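Letter by letter, the chains look like this.
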Amino acid sequence: MTTTVTAAATRTRRLTGFQPTGRLHLGNLLGALRPLIAAQDAAESIALIADLHAMTMDHDPASVRRHTLEQATVMLAAGVDPERTPIVVQSQVREHTELHYLLECVAAHGEAARMIQFKEKSAAGGPIRLSLLTYPVLMAADILLYDTTQVPVGEDQNQHLELARTLAIRFNTKYGDTFTVPEGVRPDSAARIMDLAEPTRKMGKSTGTGQIRLLDPPEVIRRTVARAATDQVGLVRRDRDNQPGVTNLVDILAELTGRPPSDTTSYATLKREVTDAIEAVLTPIRARHAELSANPDSVRAVLAAGAEKVRPTAAATVRRAREAIGLLN
Ligand code: TRP
C-alpha cells in the first residue's frame, strides 16, 4: 500500500475499532487488545467502541448499551490505560455522524453495494437496513476523523479499509487536501484465533459455539476447551489444512505462553495446558473487571473523558472537510 500523508499527521496514530455486538472473546484479546496495549508507548492510540455499527442489523437496545459498557470495562481490566489510549464511544462524539454524511457525498452506491460483508449480511433475508449498506462509509469517517495513520485490521475488514483510503484520496483530490490517508496494519500476532468447535471459522462475537469469552467462568472455559474439535491423527502439531482444531489449540497456547506445547502427543494434555494458560491470563482480568463493574459510573466517566480528549481533533477535521466541500463554517 502506498501512503500519502498530509501535513496534519507526522506521528503514528492508531485507531482500533470494536463493535459492541457481543461479548469480547479470546480472539479479540489476542488479535486486537493485546497489540493495542503493547503499542501504548509507541503509538498514539484510540480504542473505539463502534456502537452505531451495532445497529446496522436488527438489534436489542438494552444489549447494545450493556455490551458497550462491558467492552469498555473489559478493555480497562485487560490493561488499556485511558490516559494514553482514550476509550471512545462512537456515538458520544457527534462528529462521526457528521463526517459520515460528508463522505457519503463522495461515495458511490455501487462501491458500498460491492462490499463482501454487505453482500453476506444482506443475503440473510429480512429487511436490509440502509445503515448496513452505508456502514463502511461510517467506518471511513471513524478512521479519517482522527488523522489516523494506521488501522489494525483483520482480513474481514480489509475491503472496508481500502474504501476508507479511496474516499480519503477522492475527497482530497476533488476538494483539496483534507484527510490523512490511513494504512492498514496486520496485528503483530500472526495467529488467527479460530472457533474451538468449528476451527475452520474465525472466533466471532455473535457466531459459532466454541468461543472463549473473556468473562466466562472457569468451568465454562474448561468445558469449551474439553469439547474443542480435534481429529484422529494423534499428533500435536501445526497443520492448518489437515488438523485445524489441534493447530488452533497449539496457536492459542503459543500466543498465551510464548512457548510451544509440552512434548506430548496427547490431545487431553494439550487441552489441559491450554485451559491452564487461558485461566492464568483471564483470572486477573476477571478480578479487575469485577472491581470496575461494581462502580459503572467510574467507567462512564472514563468514556466521557475519552470523548472529551479526542473531540478537538474530530472537530478540526470536520471543520476542514466542511470548508473544503463548500459548507459555511
Ligand atoms: N467494523 C469493524 C469490525 O467489525 C469495527 C470498526 C468500526 C472499526 N469502526 C472502525 C475498525 C474503525 C477499525 C477502524 O470489526
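What counts as what
- Residues numbered from 1 in each chain as written.
- Predicted model: local features only at pLDDT ≥ 70, side-chain atom pairs only at ≥ 80, totals over all residues.
- Heavy atoms only, no water.
- 1 Å grid on protein atoms, 1.4 Å probe; cavity = no way out; pocket = protein on both sides within 12 Å on 5 of 7 lines; lining within 4 Å.
- Points joined across faces, edges and corners; volume = space filled by probe spheres on them.
- Helix = DSSP H or I, 4+ residues; strand = E, 2+ residues; numbered from the N terminus.
- Nonpolar A, V, L, I, M, F, W, Y, C, P; charged D, E, K, R; others polar.
- Axes fitted to C-alpha atoms, helices over the stretch in contact; angles between N-to-C directions.
- Parallel < 35°, antiparallel > 145°, perpendicular 65-115°, else oblique.
- Left-handed = near helix turned anticlockwise from the far one by under 90°.
- Contact = heavy atoms within 4.5 Å.
- Phe/Tyr/Trp six-rings, centres within 6.5 Å; stacked < 30°, edge-to-face > 60°.
- Buried < 20%, exposed > 50% of the residue type's maximum accessible area, 1.4 Å probe, protein only.
- Pairing = 2+ DSSP bridges.
- Right-handed = clockwise from strand over helix to strand, strands pointing away.
- Expected span 1.5 Å × (residues − 1).
- Salt bridge = Lys/Arg side-chain N within 4 Å of Asp/Glu carboxyl O.

## What about empty space enclosed by the protein?
So, step 1. Within the structure shown, the criterion is met by 1 cavity of 30 Å³ or more.
So, step 2. As a volume, the largest cavity reaches approximately 60 Å³.
So, step 3. Arg 14, Thr 16, Gly 31, Ala 32, Pro 35, Leu 36, Pro 152, Val 185, Arg 186 and Pro 187 together form the lining of the largest cavity.
So, step 4. Sorting the residues of the lining of the largest cavity by element identifies β1 (13–18) and α1 (26–38) as the ones contributing at least two each.
So, step 5. At 4 residues, the largest contribution of residues to the lining of the largest cavity is made by α1.
So, step 6. For the lining of the largest cavity, a count of residues per class yields 6 nonpolar, 2 polar and 2 charged.

## Remarks on the packing of helix α6 (residues 130–144) against helix α7 (residues 158–175)
So, step 1. Packing of α6 against α7 brings their axes to within 9 Å, and their N-to-C directions diverge by 70 degrees. Put simply, α6 runs roughly perpendicular to α7. When the axes of α6 and α7 are compared, the crossing they make is right-handed. For the pair formed by α6 and α7, the contact residues are Tyr 135, Pro 136, Val 137, Met 139, Ala 140, Ile 143 and Leu 144 on the first element and His 160, Leu 161, Leu 163, Ala 164, Leu 167 and Ala 168 on the second.
So, step 2. For the contact of α6 with α7, the per-class residue count stands at 12 nonpolar, 1 polar and no charged.

## Structural notes on the packing of aromatic side chains
So, step 1. This structure, assessed with the given rule, holds 2 aromatic pairs.
So, step 2. Judged by centre distance (5.3 Å) and plane angle (65 degrees), the rings of Phe 171 and Tyr 175 are edge-to-face. On the criterion of helical spacing, the pair formed by Phe 171 and Tyr 175 is a turn pair, its members being 4 residues apart in helix α7.
So, step 3. Put simply, the rings of Phe 171, Tyr 175 and Phe 179 pair up and form one aromatic cluster.

## A few points about the pairing of β1
So, step 1. Summarising burial for β1: 5 of the 6 residues are buried, a large majority.
So, step 2. Both β1 and strand β2 (residues 44–49) contribute to a ladder of 6 bridges, which runs parallel. By the bridge assignment, Arg 13 is partnered in β2 with Glu 44.
So, step 3. For the crossover from β1 across α1 to β2, the handedness is right-handed.

## Comments concerning α7
So, step 1. The terminal C-alpha atoms of α7, which comprises 18 residues, lie 26 Å apart, in line with the 26 Å expected from a rise of 1.5 Å per residue.
So, step 2. Every buried residue of α7 is listed here: His 160, Leu 161, Leu 163, Ala 164, Arg 165, Leu 167, Ala 168, Phe 171 and Asn 172.
So, step 3. After α7 finishes, the residue Gly 176 shows a positive phi value of roughly 105 degrees.

## Quick word on the pattern of salt bridges
Side chains carrying opposite charge are able to pair once their charged atoms draw close together.
So, step 1. A complete count under the given rule lists 18 salt bridges for this structure.
So, step 2. One salt bridge connects Asp 251 with Arg 240, and the closest N-O pair in it is separated by 3.1 Å. Here Asp 251 is found in helix α9 (residues 244–257), whereas its partner Arg 240 is found in the loop between α8 (218–226) and α9, with 11 residues between them in sequence.
So, step 3. For the salt bridge of Glu 308 with Arg 311, the shortest nitrogen-to-oxygen distance reads 3.3 Å. In this pair, Glu 308 and Arg 311 are both assigned in helix α11 (residues 296–325), 3 residues apart and thus about one turn of the helix distant.
So, step 4. The exposure class of Arg 311 is partly exposed, given its relative accessible area of 26%.
So, step 5. It is possible to trace a salt-bridge network through shared partners that takes in Arg 11, Arg 13 and Glu 44.

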